[in-house]
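Chain by chain, the residues run as shown.
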Amino acid sequence: MRSCIYVFCFALIASSVLLAADVKATPSDMTILRNDITYDVKADGTFTMEKYEVLRVNNAQAVAQRSQIPFKYSATLQELTVIEAYTTDTNGKRYAVTPEKIRDQSSMPSAGGLAFDDTRVKTIVFPSVEQGSTLTLHVRKVQKKPLFPGHFSMLDVAYASWDIDSEQITVRAPASMPLFADVIGFQGGRVETTEPGMQQWRWLLKNTLASVTEMGSISEIDFSPRVALTSFANYEAAGAAYRDRAKPMAAISPAVQNLADTLTIGIPDKRAQAEAI
């Protein structure tokens, strides 16, 4: 029995070594040549995010899968603008993304109408994409109404399945806003700024190679380099902010109370009242 266990353990270790070798040898479909993300945050929790990204298409599979890049946004809370987008071929010729190639559609849950969801998807359709092409995009997202007034949160993930040459994240916010960071893989933190009444944070990721996600693995977000920044000190603070926003909406209006009173006339039992309502 013990010998069987040894054999099993040896086989498991050997397969792990082989898998690691395969991971190192597996090329990335895409390479992020440059990804600069900047947040300008206001005291009320609104912010502007700008993203300038340059990606290289490394193989035919990426041509089919990555020539359209979607961006989600809330139609009620946010505005999303594509400032510029274009393809550059291996000879240096540029092909601009024209306005009709930027599609603005409802997300699948919104289109289905099964629940309230104002999420929309703006998809950039890049022209003349082939192996070796680079895709350049510059987008701006404005949070015109904060999800929680006076609070700010962000999460940016550098997905481990792609090669990344350079990724930089910068956050500028009022000095009076407390911010708490959880960072994996990136280098950086709070930096000095000459702008009065402001604080600035900056993180950088350089020259990381792609890895392969194992079948049945946890979410790629859980093991990829990432930066999370929030004004919430802990989960209790986040829960309190949610409660403060939700509580007024849960209040019973006079019309609803009158209807409930009408439906339960002559019904003293609480369970029967609930069934009647």
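## Overview of the overall build of the protein chain
Along its length, the protein chain carries seven helices and 14 strands. For the protein chain, buried positions account for 35% of its 277 residues. For the protein chain, long-range pairs separated by at least 24 residues make up 73% of all intrachain contacts whose partners lie at least 6 apart in sequence. As presented, the protein chain carries roughly 17,200 Å² of accessible surface, and 58% of it is formed by carbon and sulfur atoms.

## Details of the sheet that holds strand β14 (residues 226–230)
Reading across the sheet, the three strands line up as β9-β14-β11 and stay open at both edges, with antiparallel pairing between neighbours. Of all strands in the sheet, those bounded by a partner on one side alone are β9 (153–157) and β11 (180–184). Averaged over all adjacent pairs, the angle separating strand axes in this sheet is 5°, with direction ignored. Here β9 runs beside β14; their pairing, made up of five bridges, is antiparallel. Bridge pairing in β14 places S153 opposite T230.

## Structural notes on the nonpolar core
Judged by nonpolar contacts, the single largest core of 39 residues is most densely connected at Y39, I124, F126, L137 and F152. Put simply, the parts of the chain that give this core at least two residues each are β1 (30–41), β2 (47–57), β3 (68–74), β4 (78–88), β8 (134–143), β10 (163–174), β13 (198–208) and β14. The element that contributes the greatest number of residues to this core is β1, accounting for five residues. When near neighbours in sequence (up to four residues on either side) are disregarded, F152 contacts Y39, V41, F47, V171, M177, L179, L229, T230 and S231.

## Focus: the environment of P99
Positionally, P99 belongs in the loop between β5 (94–96) and β6 (102–106). When the C-alpha atoms of P99 and A85 are compared, they prove to be 9.9 Å apart, with 14 residues separating the residues in sequence.

## Considering the packing of aromatic side chains
For the structure on display, the rule yields five aromatic pairs. With a centroid separation of 5.2 Å and 80° between ring planes, the pair formed by F47 and F152 is classed as edge-to-face. Highlighted residues: F47 in strand β2 and F152 in the loop between β8 and β9, separated in sequence by 105 residues. Overall, the relative accessible area of 2% leaves F152 in the buried class.

## A closer look at unusual backbone geometry
Positive phi is not limited to glycine here, since S128 has a value of about 55°. By the element assignment, S128 lies in the loop between β7 (119–125) and β8. At N207, a position not held by glycine, the phi torsion is positive, near 50°. In this fold, N207 is placed in strand β13. Judged by relative accessible area, which is 60%, N207 ranks as exposed.

## Description of the sheet that holds β7
Overall, antiparallel pairing links the three strands, which are arranged β3-β7-β6 in an open sheet. Of all strands in the sheet, those bounded by a partner on one side alone are β3 and β6. Strand-to-strand twist of the sheet, defined as the mean angle between neighbouring strand axes without regard to direction, takes the value 25°.

## Considering the confidence of the model for the protein chain
When pLDDT is low, close inspection of the predicted coordinates is not appropriate. Averaged over all residues, the pLDDT of the protein chain is 89; the fraction at 70 or higher stands at 87%. With pLDDT under 50 throughout, residues 4–25 is counted as low confidence; its partners more than four residues away or in other chains account for four contacts.

## Thoughts on a nonpolar patch on the surface
Together, L155, Y159 and I221 line one region of the surface with nonpolar side chains, adding up to about 260 Å² of accessible area. Of the residues examined, Y159 reaches a relative accessible area of 40% and is grouped as partly exposed.

## Some thoughts on the pairing of β2
Examined bridge by bridge, β1 and β2 share 11 bridges and lie antiparallel to one another. Bridged to I37 within β2 is K51. Between β1 and β2, which pair antiparallel in sequence order, lie five residues; one of them, G45, sits at a positive phi of approximately 100°. Relative to β8, β2 runs antiparallel, the two sharing 10 bridges. Within the sheet, the bridge partner assigned to E50 lies in β8 and is R140.

Rules used throughout
- Residues numbered from 1 in each chain as written.
- Predicted model: local features only at pLDDT ≥ 70, side-chain atom pairs only at ≥ 80, totals over all residues.
- Heavy atoms only, no water.
- Helix = DSSP H or I, 4+ residues; strand = E, 2+ residues; numbered from the N terminus.
- Buried < 20%, exposed > 50% of the residue type's maximum accessible area, 1.4 Å probe, protein only.
- Contact = heavy atoms within 4.5 Å.
- Areas by Shrake-Rupley, 256 points an atom, 1.4 Å probe, with all protein chains shown as cover.
- Pairing = 2+ DSSP bridges.
- Axes fitted to C-alpha atoms, helices over the stretch in contact; angles between N-to-C directions.
- Core = buried A, V, L, I, M, F, W, Y, C linked by side-chain atoms within 4.5 Å.
- Phe/Tyr/Trp six-rings, centres within 6.5 Å; stacked < 30°, edge-to-face > 60°.
- pLDDT = per-residue confidence, 0-100.
- Patch = residues over 30% accessible without salt bridge, like charges linked within 9 Å, V, L, I, M, F, W, Y side chains within 5 Å.
- Salt bridge = Lys/Arg side-chain N within 4 Å of Asp/Glu carboxyl O.

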